[in-house]
Amino acid sequence: MSEIKEIYLHNYTKPAFYIDSINLVFDLFEEYALVTSMMQIQKSDADEKHLRLDTIDLELISLYINDLKVDESRYIIEEESLTILNVPATFRIKIENKIYPQNNTELEGLYKSGSIFCTQNEPEGFRRITPYLDRPDVMSVFTTTVIADKDKYPILLSNGNKKEIVEVDENRQSVTWFDPHKKPSYLFALVAGDLGSVNDSYVTASGENVELNIYCDLGNESKCHHAMNSLKEAMLWDEQKYGREYDLEIYNIVAVDSFNMGAMENKGLNIFNSAYVLADTDTASDANFMGIQSVIAHEYFHNWTGNRITCRDWFQLTLKEGLTVFRDQCFSADLNSQEVQRIEDVKALRERQFVEDASPTSHPIQPKSYISMNNFYTATVYEKGAEVIRMIHTLLGEENYRRATDLYFESFDGQAVTTDDFLWAMQKAGNIDLSAFKNWYHQSGTPKLEVEESFSEGIYSLTLTQKIPNAVDGSEQKPFTIL
Ligand SMILES: [Zn+2]
């Protein structure tokens, strides 16, 4: 058992190395998979001698630097790391290792569920696939080749655009994907299986044609049409409301029973559990249809708020989730009913987030520390985070908010940033000081408003008092800006 380590936001340090590109080859077999990773790496901190990669229970086959086999005396394998000693300033590294997706019960990294291989890498699953700098501020260009039996796994998917299909031999085929957009490892995805699909296309505002595919378990094809329509509505809405267009030739969605998480926004290859995507008019309710529209849009909107601009570290999770929940709430309101949507969102907030915020697990939308990041995918980070963005939207007004998001996208595209960077764009374009407003990011609990009214001698007075709960550790907190 590994020792329990608490990780603090204030201890953040920049990566000592960057990975410019990674070329991955997956050879999938019935009992194991071989992974070959070729990376172009450069040192960003000249004083750092050793490269420490994240990995879990590594079964290393071979290791090369600049095409030369690395001797065992030059690397150290520990339970959660591979350290390569005395590396040069820039170099190529090739790592071959073996993994067992069939035995992967953690459901992080690459796993086989039923007859399908799929991945879940947010927040730290990629290290279970191959040694890597598995942190969101290391963004790289990924090329991925998947090789598998072509009868059992005729559909081989990864991120980006499809580059090449090769018949390896009579039984096996190889498909190569290239994603030109730099991304962190948590957005890497792979799916292999025998899947059905529905296909469509979308022409972006600048006239680019995008192929749209929804893959599902065989026999579920007729239940995918509402999700496909929702995807096209989301693509159009993001162009009109935020000026954001889709940026690849293909957008793939996989919706299968065997994906155990709810939904994941991997670049160009969203993966969902069937329950969130499939519906037919005979059995699904209006609420089912609206839920599908919302979750398809949410994962699509991440393409800009999460993928193109990502989080510097996991303390910034609300940067992508609060903003994207706010975006999907506004999308649903625009397409359905503003009033009904707002009532539903506030109801959900009161039922889930208020309860969490009144409990011992109350935490700010930007936590200060964590032991396991998996415990911070909370109603606070998501739903309260969305309310904080909604207040900024109210404060700035529609027009200034759009100027501010434009500035955010222009300034930070292709980067891993912080909530302070987002607030900088809001302040600059909105010409407003948000320093007091920032308490929402660092304080916990639900403030209570007391309202006193009086009417005497023709004057009506309204007195509002804010009651601020103490933090979980008992410390006093500052007043919140309330809109
Ligand atoms: Zn999300």
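Residues numbered from 1 in each chain as written. Predicted model: local features only at pLDDT ≥ 70, side-chain atom pairs only at ≥ 80, totals over all residues.

A.B. asks: Talk me through the overall build of the protein; I want residue IDs and the actual numbers.
C.D. replies: Assigned secondary structure in the protein consists of seven helices and 26 strands. In terms of C-alpha radius of gyration, the protein reaches 24 Å, essentially the compact-globule figure of 23 Å for 483 residues. Each of the three principal axes of the protein carries a C-alpha extent, and together these read 90 × 60 × 40 Å. Expressed as a percentage of the 483 residues in the protein, the buried residues total 40%. A fraction of 66% describes how many contacts in the protein between residues 6 or more apart in sequence connect residues 24 or more apart. (Helix = DSSP H or I, 4+ residues; strand = E, 2+ residues; numbered from the N terminus. Rg over C-alpha atoms; globule rule 2.2 N^0.38 Å. Buried ≥ 20, exposed ≤ 12 C-beta atoms within 10 Å, placed from the backbone. Contact = placed C-beta atoms within 7 Å.)

A.B. asks: An account of unusual backbone geometry is requested, with residue identities and associated values reported.
C.D. replies: Residue Glu122 is joined to Pro123 through a cis peptide bond whose omega torsion reads -5 degrees. Looking at the element boundaries, Pro123 is found in the loop between strand S11 (116–120) and strand S12 (140–149). For Asp57, which is not glycine, the phi dihedral falls at a positive 45 degrees. Its location among the elements puts Asp57 in the loop between strand S4 (51–54) and strand S5 (60–65). One non-glycine residue, Asp67, lies in the positive phi region at around 70 degrees. Locating Asp67 in the fold gives a position in the loop between S5 and strand S6 (68–69). Take Asp67: there are 7 C-beta atoms within 10 Å of it, and that puts it in the exposed class.

A.B. asks: I'd like to hear about the sheet that holds strand S2 (residues 17–28), residue by residue, with values.
C.D. replies: Spatially, S6-S5-S9-S3-S2-S12-S15-S14 is the arrangement adopted by the eight strands of the open sheet, whose pairing is mixed. This sheet does not close on itself; its edge strands, each paired only once, are S6 and strand S14 (161–167). Where S5 and strand S9 (residues 90–99) come together, five bridges link them in antiparallel fashion. Its bridge partner being in S9, Ser62 is matched across the sheet by Glu96. (Pairing = 2+ DSSP bridges.)

A.B. asks: Could you give an account of the packing of helix H4 (residues 338–357) against helix H5 (residues 379–412), with specific residues and numbers?
C.D. replies: Angle between the axes and distance between the axes: these two values describe a pair of packed helices. Two elements in contact, H4 and H5, have axes whose closest approach is 10 Å; the angle formed by their N-to-C orientations is 120 degrees. Relative to H5, the element H4 is oriented oblique. Where H4 crosses over H5, the handedness of that crossing is left-handed. Contacts between H4 and H5 involve Ala348, Leu349, Arg352, Gln353, Glu356 and Asp357 from the first element and Ala379, Thr380, Glu383, Lys384 and Glu387 from the second. Counted by class, the contact of H4 with H5 contains three nonpolar, two polar and six charged residues. (Axes fitted to C-alpha atoms, helices over the stretch in contact; angles between N-to-C directions. Parallel < 35°, antiparallel > 145°, perpendicular 65-115°, else oblique. Left-handed = near helix turned anticlockwise from the far one by under 90°. Nonpolar A, V, L, I, M, F, W, Y, C, P; charged D, E, K, R; others polar.)

A.B. asks: An account of the domain arrangement of the protein is needed here, citing residue identities and associated values.
C.D. replies: According to the domain assignment, the protein contains domain 1 (21–280) and domain 2 (310–467). Placing the centre of domain 1 and that of domain 2 at their C-alpha centroids yields a distance of 32 Å. Taken together, the contact between domain 1 and domain 2 spans 13 residues of the former and 13 residues of the latter. Top contributing element to the side of domain 1 that touches domain 2 by residue count: helix H1 (residues 225–242), with four residues. Taken together, the residues of the side of domain 1 that touches domain 2 break down into seven nonpolar, one polar and five charged. (Domains from an automatic or database assignment.)

A.B. asks: Could you give an account of the environment of Asp420, with specific residues and numbers?
C.D. replies: Looking at the element boundaries, Asp420 is found in helix H6 (residues 419–430). Sequence separation between Asp420 and Leu319 is 101 residues; the distance between their C-alpha atoms is 9.2 Å.

A.B. asks: Please provide a residue-by-residue account of the pairing of strand S18 (residues 209–217), values included.
C.D. replies: Bridge analysis of strand S17 (residues 195–203) against S18 gives nine bridges, and the strand direction is antiparallel. If you follow Val203 over to S18, its bridge partner there is Asn209. Hairpin geometry of S17 and S18 is characterised by an intervening segment of five residues between the two adjacent antiparallel strands and by a positive phi of about 90 degrees at Gly207. Bridge count for S18 against strand S19 (residues 250–256) is six bridges, and the pairing is parallel. Residue Ile214 lies in a different strand from S19, and its bridge partner there is Ile253. With H1 bridging S18 and its parallel neighbour S19, the resulting β-α-β unit is left-handed. (Right-handed = clockwise from strand over helix to strand, strands pointing away.)

A.B. asks: For the packing of helix H3 (residues 317–335) against H5, give the residues involved together with the corresponding values.
C.D. replies: Contact pair H3 / H5: the axes reach a minimum separation of 7 Å and the direction vectors enclose 70 degrees. The angle between H3 and H5 falls in the class roughly perpendicular. On H5, the residues that touch Leu317, Thr318, Glu321, Gly322, Leu323, Val325, Phe326 and Gln329 of H3 are Val381, Tyr382, Glu383, Gly385, Ala386, Val388, Ile389 and Arg390. Considering only residue class, the contact of H3 with H5 consists of nine nonpolar, four polar and three charged.

A.B. asks: Let's hear about the environment of Leu9: which residues, and what values?
C.D. replies: Counting through the fold element by element, Leu9 comes out in the loop between strand S1 (7–8) and S2. Once the C-alpha coordinates of Leu9 and Cys330 are considered, the two residues, 321 residues apart in sequence, prove to be 31 Å apart. Apart from the residues within four sequence positions on either side, Leu9 is in contact with Phe315, Lys368 and Ser369.

A.B. asks: Help me get a handle on the nonpolar core, residues and values and all.
C.D. replies: Residues Val191, Ala192 and Ala255 are the most contacted members of the largest nonpolar core, which totals 107 residues. A per-element tally of this core places H5 first, with nine residues. In terms of domain composition, this core takes at least three residues from each of domain 1 (21–280) and domain 2 (310–467). (Core = buried A, V, L, I, M, F, W, Y, C linked by C-beta atoms within 7 Å.)

A.B. asks: Go over the sheet that holds S4, please, and point to the residues and values.
C.D. replies: Strand order in the open sheet formed by three strands is S4-S8-S7, and the pairing between neighbours is antiparallel. At either end of the open sheet lies a strand with only one pairing partner, and these are S4 and strand S7 (75–78). In this sheet, adjacent strand axes meet at a mean angle of 15 degrees when their direction is disregarded. Bridge count for S7 against strand S8 (residues 81–84) is four bridges, and the pairing is antiparallel. Residue Ile77 lies in a different strand from S8, and its bridge partner there is Leu82.

A.B. asks: Could you give me a rundown of the environment of Lys182, with the residues and numbers involved?
C.D. replies: Secondary-structure assignment places Lys182 in strand S15 (residues 172–183). Setting aside residues no more than four positions away along its own chain, Lys182 makes contact with Met139, Ser140, Val141 and Gly414.

A.B. asks: Hey, could you go over H1 for me, with residue numbers and the actual values?
C.D. replies: Residues that lie three or four places apart on an α-helix share one face, since the helix turns once every 3.6 residues. A rise of 1.5 Å per residue sets the reference length of H1, with its 18 residues, at 26 Å; its end C-alpha atoms lie 25 Å apart and thus fit the reference within 8%. Buried within H1 are the following residues: Ala227, Ser230, Leu231, Ala234, Met235, Trp237 and Asp238. Those residues of H1 that are buried lie in contact with S17, S18, S19, helix H2 (286–301) and H3. Two residues or fewer after H1 comes Gly243, characterised by a positive phi angle close to 65 degrees. (Expected span 1.5 Å × (residues − 1).)

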